Structure formats: C-alpha cells, structure tokens
Amino acid sequence: MLEFIIKLHPEIAIKSKSVRKRQTLLVEQNLRTLLKHLPHKVKVTGYFDHLTVTSQYQTTAWRQELITRLKCIPGIVTFAQMQTRQFTDLADLFQQVAAVYQSQIINKSFCVRVRRQGEHEFSSLDAERYIGGGLNQLVNSARVQLKQPDLEIKLEIKQQQFLLVTESFTGMGGLPIPSQSDALSLISGGFDSAVASYLMIRKGLRTHYLFFNLGGAAHENGVREIAFYLWKTYAASHRVKFVSVDFAPVVADILEHVPTGLMGVVLKRLMMQVASAMAEKLGISAVVTGESIGQVASQTLANLAVIDQASPSLVLRPLIYHDKQDIVDLARQIGVAELAGSMPEYCGVISQNPTVNAILSEVITAEALLDPRRINQAIEQAKILDIRTVEYQAEQQAGVIATEAILPANAIVLDIRSHDEVDARPLQLQQHQVLTIPFYRLATAFAQLDQQQQYYCYCERGVMSRLQALLLQEMGFNNVAVYRP
C-alpha cells in the first residue's frame, strides 16, 4: 500500500483553533476533489495537525503521479512517503530501520527523531540513541549530527506499530484555496503576470484571469494556454473564469490622441478601469498585476500612484520588489518559462520618451481626448469563459491526433522540445519520421520545410505543441497539427 503523510503550512498551524480547523478542512476537501478523478482509488484522512493519503494500488508510475499531484496543492508544505510496520522490540525496530536507511546515510550526517505513544520498555530518547548509535557503527562513513544533518530519520511509534518515513518531499506551501477569497489577475502571457498569478494561487486566492488582447487570435490562444496550465497544475480544485477583452480599438484611440510621453500610463489606467469593472461584474474584490518597481517606465512609484487612482478595486502586486531574474527563475521553477519565453511580443503602445513622473491632472486631460464608448464597448463585448473549456477549444483548433496509429502514413512529427529534454527522453516512432526543431526556432524554421508534407508538433505535456501549432496556423500554415501519444 502507498501511504503519504501530509504536513500543512506553518501559517495554518499557528492560527486559532477554529481557523486552523477550517483551513485544514479546506486542504482535505481540495485533496479529495483533485485526487478523485485519478485512475485509482485514493483515501484522504484528516487529523488535527496532518493528513494522510493512501492507495492500495502500488506501481512506480502511480507513485510518481501521486507525488507530482501532492507537490502542487496549496497549503501542503511537506509530505513524506511512509510505511506502517509491526515490531517486537528495540532490536527488531533497529534492524528494520537499518534495512531502509543503511545505503542512504553513506558519507552523510544524520539524526534519528522518534515520536512515541503507548506503553514501551524504552523512551523516545532511548530509541533515538539505540537506532542512531547502531547506524553510526554500521556505516563507517556516516556520522551523527543533531543540528542541521544531511538526513533526518523520522519514526512515529504507536503501541507495537511504527511509521517509517522512507522519503520526504517539499510541497507548494501557502494557504488552501479559497481561504482568501477571489482575485482577478491581469495576464499577458509574459513571465511577470504568470508568476504573479501563481503567487496569488499559492496564497490561497481563487485566481481568475483577465486578458487584454492586442495581438489577435494567436496572442489570445497563447495566453489561454498559460492560464490553463497554471489552473490545471496548481488550482484545479476550483472553477475559475478566463476573461478576454479586445483592447486593440482602445490602443488605436490612444495612439491617435494621447501625447507620446503619457501613452503607457494612460493605457495602464484604462486597463485598470476595465479590470475593476469586470471584477465587479464577477463579484471579485481584488485585481492582481505583475508590476515590479522600476522595471519599465510605467512602473515608477509616481506612475503607479497615478495608475492606481483609476481603479476602485484593491490592487495586489506580489512582484513589486522582485528583480527580473528572480521572476524568470521562479517561472522556470513552476513550469511556465518555456511558454512565456515563446510568446511573441505584442507592444500596442510604444513611447519614444515615456514619462517616469506622470502628473494626474495632465493624464486626466489626455484621457478626456479619448472616446469613452470604446471602453464601454470593450467591457460589454468581453468574452467570459470557463477555464475548463480552454483545453478543448485549443485541441479543436490545433487538430489533435491522439495516437501514432491515427497519424497519416507520410506524416512527419516535429519534436519541439529543448535539446536537453530530447537527449534525456528521445521520441522514437517506428512508422514515422521525427524531426527535432526546438520551439524557439520553429516559427522561422517551419517555412523552410517541404510544405507538401503534413506536420504534427510534439511535446511531453501537449501544451507547447498546441501553442506552436496555433501560432503557425495564424501565420498561414495549414499543414500543421498536434501529435499527443
């Protein structure tokens, strides 16, 4: 049997009893919601200060599936695989622990931590000394170190049973969804907005997505993929919305009437006005942006102060002090770096000399030159989608092929993964040719291929392949679809 013990984020543990109980229950409910759709039955059990997840089915692939899911659930700070065993005495207990950990402590420092319940001839400290000393003698290169050891061996003894932790994992941390209500995150497809959305999910907010379309169907399809990935990976326990607003007419109005130095600030203010209106329409009280102090001209303190006055909603900026490299590193860690890095740049408003110290009265005067009907039209015509439909729509547009058996005989599969991924897990098909072209070169390289052939993009998760197929179709290439085994 597979057994995992779940430890909740410390911020949950320090809450009052009633709040801790409520948030622990949220984690438990979210676990049940996410795990019940898996192919094998999983049991979730809640306790005062931890949860357990158990499954009678045990294969390497199933174990890895559970580990992957548990790593991405807000509220779980750590979890560990454990085994429940019987023992007769302290010597028997040591032998069983040694069988598991003897190879793991070679050339490492370690300590033994024991929690004990029930009547025994030994104390918890006796067990720690006996087992730790025995392991130290058994492995010459190992050494006992009570503070900050390389490996901590944890045992929980209850009567004549003990729980042996065989491997520990780091979870996502944070607070469970939706312990902190809802937020509407402005997402553009870049690193900043994706990471900002993730951080709000991690903080326990049910995070919806608002997209201002400046680049047509290809831009929207790419951003939908990123939003869907964030939801599916980290927040699928709750339904959220994806809102798309056509902002190209508003940008055209800004380019025609607003002084060049104020264009960026005016654009952001109008976006905040629309975001607040959409948030109110959806019953959401907070708006999230990926802005960081000083990163671009519109993100100086003076300009942010002017931008904020356009919105009655609470504006959250989780990246406000982050450096760009920190943001990119976090994007890579959460799995959106490739998607964000492959997004084309859509710059609707370019100022040659953008102001870094906007004056509110001048900005309001500039905005008076704009047609308010365009903002109202953008709000009225906004598309509000259930995030769960995004994947289906993308598959229908990109033309998904499910298995190799369905591929046409002369089809060519384009492996668009990075070279490192290809080297680690090469794609080998017996009946079809496979060409390796990394996603970041595909847009330029595709035109050089034989256009009489039919091509199918491949990546492991199926997200990047759909995005690239849609981008190529937007460029006019109709001989491309997606291969997903």
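Residues numbered from 1 in each chain as written. Predicted model: local features only at pLDDT ≥ 70, side-chain atom pairs only at ≥ 80, totals over all residues. Heavy atoms only, no water.

Focus: the overall build of the chain
Here's step 1: The number of helices and strands found in the chain is 18 helices and 19 strands.
Here's step 2: By residue count, 51% of the 485 residues in the chain fall in the buried class.
Here's step 3: Accessible area of the chain: about 23200 Å², with a carbon and sulfur share of 50%.
Here's step 4: With 46 positive and 45 negative side-chain charges, the chain shows a separation of 7 Å between the mean positions of the two kinds. (Helix = DSSP H or I, 4+ residues; strand = E, 2+ residues; numbered from the N terminus. Buried < 20%, exposed > 50% of the residue type's maximum accessible area, 1.4 Å probe, protein only. Areas by Shrake-Rupley, 256 points an atom, 1.4 Å probe, with all protein chains shown as cover. Lys, Arg positive; Asp, Glu negative; His and termini not counted. Charge placed at Lys NZ, Arg CZ, Asp CG, Glu CD.)

Observations concerning the UniProt feature "active site" (unreviewed entry) in the chain
Here's step 1: When the UniProt feature table is mapped onto this chain numbering, "active site" (unreviewed entry) sits at Cys459.
Here's step 2: On the accessibility criterion, Cys459 (7% relative accessible area) is buried.
Here's step 3: Among all residues touching Cys459, those that are not within four sequence positions of it are Ile416, Arg417, Met464 and Ser465. (UniProt positions renumbered as here; feature names shortened; annotations may be inferred. Contact = heavy atoms within 4.5 Å.)

Topic: the packing of helix α7 (residues 216–234) against helix α18 (residues 463–474)
In a packed pair of helices, the relevant descriptors are the angle between the two axes and the axis-to-axis distance.
Here's step 1: Look at α7 against α18: their axes get within 9 Å of each other, and the N-to-C directions meet at 175°. Between α7 and α18, the angle falls in the class roughly antiparallel. Within the contact between the two elements, α7 uses Ala217, Ala218, Asn221, Gly222 and Glu225 and α18 uses Val463, Arg466, Leu467, Leu470, Leu471 and Glu474.
Here's step 2: Of the residues assigned to the contact of α7 with α18, the class counts are six nonpolar, two polar and three charged. (Axes fitted to C-alpha atoms, helices over the stretch in contact; angles between N-to-C directions. Parallel < 35°, antiparallel > 145°, perpendicular 65-115°, else oblique. Nonpolar A, V, L, I, M, F, W, Y, C, P; charged D, E, K, R; others polar.)

Quick look at the sheet that holds strand β19 (residues 480–483)
Here's step 1: If you trace the five strands from one edge of the open sheet to the other, you get β15-β19-β18-β16-β17, paired in parallel fashion. The open sheet terminates on both sides in strands that have one partner only, identified here as β15 (400–401) and β17 (433–436).
Here's step 2: Pairing of strand β16 (residues 412–415) with β17 involves four bridges; the strand directions are parallel. From the neighbouring strand, Leu414 faces β17, where its bridge partner is Leu435.
Here's step 3: α18 contacts β18 (455–458) and β19 of the sheet and is inclined by roughly 175° relative to β19. (Pairing = 2+ DSSP bridges.)

A closer look at the pairing of strand β1 (residues 2–8)
Here's step 1: Counting buried positions along β1 gives six out of seven residues, so the element sits mostly inside the fold.
Here's step 2: Strand direction decides the pairing type here: β1 and strand β4 (residues 76–86), joined by six bridges, are antiparallel. Across the sheet, the residue bridging to Leu8 is Ile76, located in β4.

Some thoughts on the sheet that holds strand β9 (residues 182–186)
Here's step 1: On the basis of which strands lie adjacent, the open sheet formed by six strands has the order β13-β12-β9-β10-β11-β14 and mixed pairing. Each edge of the open sheet is held by one strand with a lone partner, namely β13 (314–316) and β14 (383–386). Neighbour-to-neighbour, the strand axes of the sheet open up by a mean angle of 25°, direction not taken into account.
Here's step 2: Examined bridge by bridge, β9 and strand β10 (residues 206–213) share five bridges and lie parallel to one another. Paired with Ala183 across the bridge in β10 is Thr207.

A closer look at unusual backbone geometry
Here's step 1: Cis geometry is adopted by the peptide bond preceding Pro178, which originates at Ile177 and carries an omega value of -5°.
Here's step 2: Residue Asn107 is not a glycine yet carries a positive backbone phi of 60°.
Here's step 3: With respect to the secondary-structure elements, Asn107 resides in the loop between α4 (90–101) and β5 (109–117).

Side note on the environment of Asp308
Here's step 1: Mapped onto the elements of the fold, Asp308 is located in helix α10 (residues 301–308).
Here's step 2: Here Asp308 falls in the partly exposed class, since its relative accessible area comes to 29%.
Here's step 3: Once the C-alpha coordinates of Asp308 and Val422 are considered, the two residues, 114 residues apart in sequence, prove to be 46 Å apart.
Here's step 4: Apart from the residues within four sequence positions on either side, Asp308 is in contact with Val315 and Arg317.

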